Amino acid sequence: LIALQEGNPTAQGWEGIWDPLGCADFDFWGIGNEATIGYLRHAEIKHGRVAMAAFLGFCAQSTPLVSGPHTILPYKGYEAGLSPQEQWDNIPLWGKLQIFTLIGMLESYGEILDPHYCDGGLPGYYPPIKGKGLGQIPYNLFD
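Small disclaimer: the values here were computed from a predicted structure and weren't measured.

### Remarks on the overall build of the protein chain
Thought 1: The secondary structure content of the protein chain amounts to five helices and two strands.
Thought 2: Along the protein chain, from the amino end to the carboxyl end, the secondary structure elements read α-α-α-α-α-β-β.
Thought 3: By residue count, 19% of the 143 residues in the protein chain fall in the buried class.
Thought 4: For the protein chain, the proportion of contacts with a sequence separation of at least 24, taken over those separated by at least 6, is 27%.
Thought 5: Accessible surface for the protein chain amounts to roughly 11000 Å². Of this, 65% is attributable to carbon and sulfur atoms.

If you want it as structure tokens, here you go:
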């Protein structure tokens, strides 16, 4: 980690490395220390992205534009004026399964890279998703 810090042009010399649990010396699943560091870096980036998306979704669902009355109901069982938590509870099971399936597909898609982030690949990188017959999707939501 010290070599990564010294090779980072934006890192400040006085910052140092904050590792109160000593995770820099761990060896997860016997894959080696370098692979463990790659895994932890990728997990930190991914969880940060999920937290930012969740916060943005919560804020959007709290607005009257989303939680207010609609001319066409977005899903069966929709009721106006509910909190984001109540909106989630009202989504039918099939809708929730579709959301979790998409999340699983994106997780799997991020694991097919060569080299893998545990083997020296770039942590936090997802390859561009190409649409079938449509070329490149115009927005890469993972960067």
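### Some points on the side chain of His 42
Thought 1: Mapped onto the secondary structure, His 42 falls in helix 2 (residues 33–61).
Thought 2: His 42 gets classed as buried once you look at its relative accessible area, which sits at 3%.
Thought 3: Non-local contacts of His 42, meaning those with residues more than four positions away in its chain, are made with Tyr 117, Pro 123, Gly 124 and Tyr 126.

### Thoughts on the side chain of Thr 36
Thought 1: With respect to the secondary-structure elements, Thr 36 resides in helix 2.
Thought 2: We classify Thr 36 as buried; its relative accessible area is 0%.
Thought 3: At a separation of 2.9 Å, a polar atom in the side chain of Thr 36 contacts the main-chain amide nitrogen of Phe 28.
Thought 4: When near neighbours in sequence (up to four residues on either side) are disregarded, Thr 36 contacts Phe 26, Asp 27, Phe 28 and Ile 31.

Criteria and thresholds
Numbering of residues starts from 1 in each chain and follows the order in which that chain's sequence is written. Owing to the predicted nature of the model, reporting of local features is limited to residues with pLDDT of at least 70; listing and counting of side-chain atom pairs is limited to 80 or more, with chain, interface and lining totals taken over all residues. To get the side-chain values, take all heavy atoms of the structure and skip hydrogens and water. Runs of E in the DSSP output that reach at least two residues are strands. Runs of H or I that reach at least four are helices, and both are numbered from the N terminus. A 1.4 Å probe rolled over the protein chains alone gives each residue an accessible area, and that area as a share of the maximum for its type sets the label: buried under 20%, exposed over 50%, partly exposed in between. By definition, residues are in contact when any of their heavy atoms lie within 4.5 Å. For every accessible area listed, the method is Shrake-Rupley and the probe measures 1.4 Å; residues are considered covered only by the protein chains on display. Within 3.5 Å is the distance limit for a polar contact, defined as a pair of N or O atoms, with the added protein rule that one can donate a hydrogen and the other accept it, and that residues adjacent in sequence qualify only through two side-chain atoms.

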